[in-house]
Amino acid sequence: QVQLVESGGGLVQAGGSLRLSCAASGRTFSNYAMGWFRQAPGKEREFVARISRSGDNTDYADSVKGRFTISRDNAKNTVYLLMNSLKPEDTAVYYCAAEPTSTMWFVPVSEYRYWGQGTQVTVSS
């Protein structure tokens, strides 16, 4: 199975930017659809963004659309989440997720089986 390790979290002021990375190992990365999710204190984990195997197709939660960008580099086995115009409500632990698939489209949000341990993002007002 694939192993996922997130990095790039930290403390940033509102309006600032961060770029999260998720490094994958153990399997052929290009066979996996990838996603980012987040969980704020006292709340359920929620979908943030997802990307298809090739990187040609991306999808975002309405709350981050226009501010966040998901991308991947299959040669580096890494998926990224560039977060701009951060808001205090973006504060959460951010998780990378993977699911092997034969489709070149998206994997349903509920079907991701492999998860990283998360990286904390804190946005101060």
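Residues numbered from 1 in each chain as written. Predicted model: local features only at pLDDT ≥ 70, side-chain atom pairs only at ≥ 80, totals over all residues. Heavy atoms only, no water.

**Q** Provide a residue-level description of the sheet that holds strand β3 (residues 18–25), including the pertinent values.
**A** Strand order in the open sheet formed by 4 strands is β1-β3-β8-β7, and the pairing between neighbours is antiparallel. Because the sheet does not close on itself, it has two edges, and the strands there are β1 (3–7) and β7 (68–73). Shown here is a sheet whose adjacent strand axes are inclined to one another by a mean of 15 degrees, direction ignored. Direction of pairing for β1 relative to β3: antiparallel, over a ladder of 5 bridges. Pairing of Glu-6 across the sheet is with Cys-22, part of β3. (Pairing = 2+ DSSP bridges. Helix = DSSP H or I, 4+ residues; strand = E, 2+ residues; numbered from the N terminus. Axes fitted to C-alpha atoms, helices over the stretch in contact; angles between N-to-C directions.)

**Q** Can you tell me about unusual backbone geometry, naming the residues and giving the values?
**A** With a phi angle near 55 degrees, Asn-77 is a residue other than glycine that sits in the positive phi range. One non-glycine residue, Ser-85, lies in positive phi territory at about 50 degrees. Relative to the elements of secondary structure, Ser-85 occurs in the loop between β8 (78–83) and β9 (92–100). Relative accessible area serves as the criterion here: at 41%, Ser-85 is assigned to the partly exposed category. (Buried < 20%, exposed > 50% of the residue type's maximum accessible area, 1.4 Å probe, protein only.)

**Q** Give me the environment of Ser-110: which residues, what numbers.
**A** On the secondary structure map, Ser-110 appears in the loop between β9 and β10 (114–115). For Ser-110, a relative accessible area of 69% gives the class exposed. Taking the C-alpha atoms as reference, Ser-110 lies 9.2 Å from Phe-47; in sequence the two are 63 residues apart.

**Q** Can you lay out the packing of aromatic side chains for me, pointing to particular residues and giving the numbers?
**A** Here the distance between the centres and the angle between the planes together describe a pair of aromatic rings. Inspection of every chain in the model, using the stated rule, returns 5 aromatic pairs. Both rings, one in Phe-37 and one in Tyr-112, keep their centres 5.5 Å apart while their planes meet at 75 degrees; by these two values the pair is edge-to-face. Taken together, the positions of Phe-37 in strand β4 (residues 32–39) and Tyr-112 in the loop between β9 and β10 put the pair 75 residues apart, joining distant regions of the chain. Of the residues examined, Phe-37 reaches a relative accessible area of 4% and is grouped as buried. Put simply, the rings of Phe-37, Phe-47, Tyr-112 and Trp-115 touch in pairs and so form one group of aromatic residues. For the cation-ring pair, Arg-45 lies above Tyr-95, with the distance from its terminal atom to the ring centre recorded as 5.9 Å. Positioned above the aromatic ring of Phe-29, the side-chain terminus of Arg-72 is 4.4 Å from the ring centre. (Phe/Tyr/Trp six-rings, centres within 6.5 Å; stacked < 30°, edge-to-face > 60°. Lys NZ or Arg CZ within 6 Å of the ring centre and 35° of its normal.)

**Q** With reference to specific residues and values, describe the state of the cysteines.
**A** This structure, assessed with the given rule, holds 1 disulfide. With a sulfur-sulfur separation of 2.1 Å, Cys-22 is cross-linked through a disulfide to Cys-96. Note on the Cys-22 and Cys-96 pair: the S-S dihedral is about -75 degrees, so by sign convention the disulfide is left-handed. Here the residue Cys-22 occupies a position in strand β3, and Cys-96 occupies one in strand β9, the gap between them amounting to 74 residues. (Disulfide = S-S within 2.5 Å.)

**Q** Go over the nonpolar core with me, naming the residues and quoting the values.
**A** Within the largest apolar cluster, 36 residues are counted, with the highest numbers of intra-cluster contacts made by Leu-4, Met-34, Trp-36, Val-79, Leu-81, Met-83 and Tyr-94. Put simply, the parts of the chain that give this core at least two residues each are β3, β4, β5 (46–51), β7, β8, β9 and β11 (119–124). Ignoring any residue separated from it by four or fewer positions in sequence, one finds Leu-81 in contact with Leu-18, Arg-19, Leu-20, Trp-36, Val-48, Ala-49, Phe-68, Thr-69, Ile-70 and Tyr-94. (Core = buried A, V, L, I, M, F, W, Y, C linked by side-chain atoms within 4.5 Å. Contact = heavy atoms within 4.5 Å.)

**Q** Break down the side chain of Thr-78 for me, citing the residues and quoting the values.
**A** By the element assignment, Thr-78 lies in strand β8. Here Lys-76 takes part through its backbone oxygen, which lies 2.8 Å from a polar atom of the side chain of Thr-78. Apart from the residues within four sequence positions on either side, Thr-78 is in contact with Ser-21, Cys-22, Ala-23, Phe-29, Arg-72 and Asp-73. (Polar contact = N/O pair within 3.5 Å; in protein donor to acceptor, adjacent residues only side chain to side chain.)

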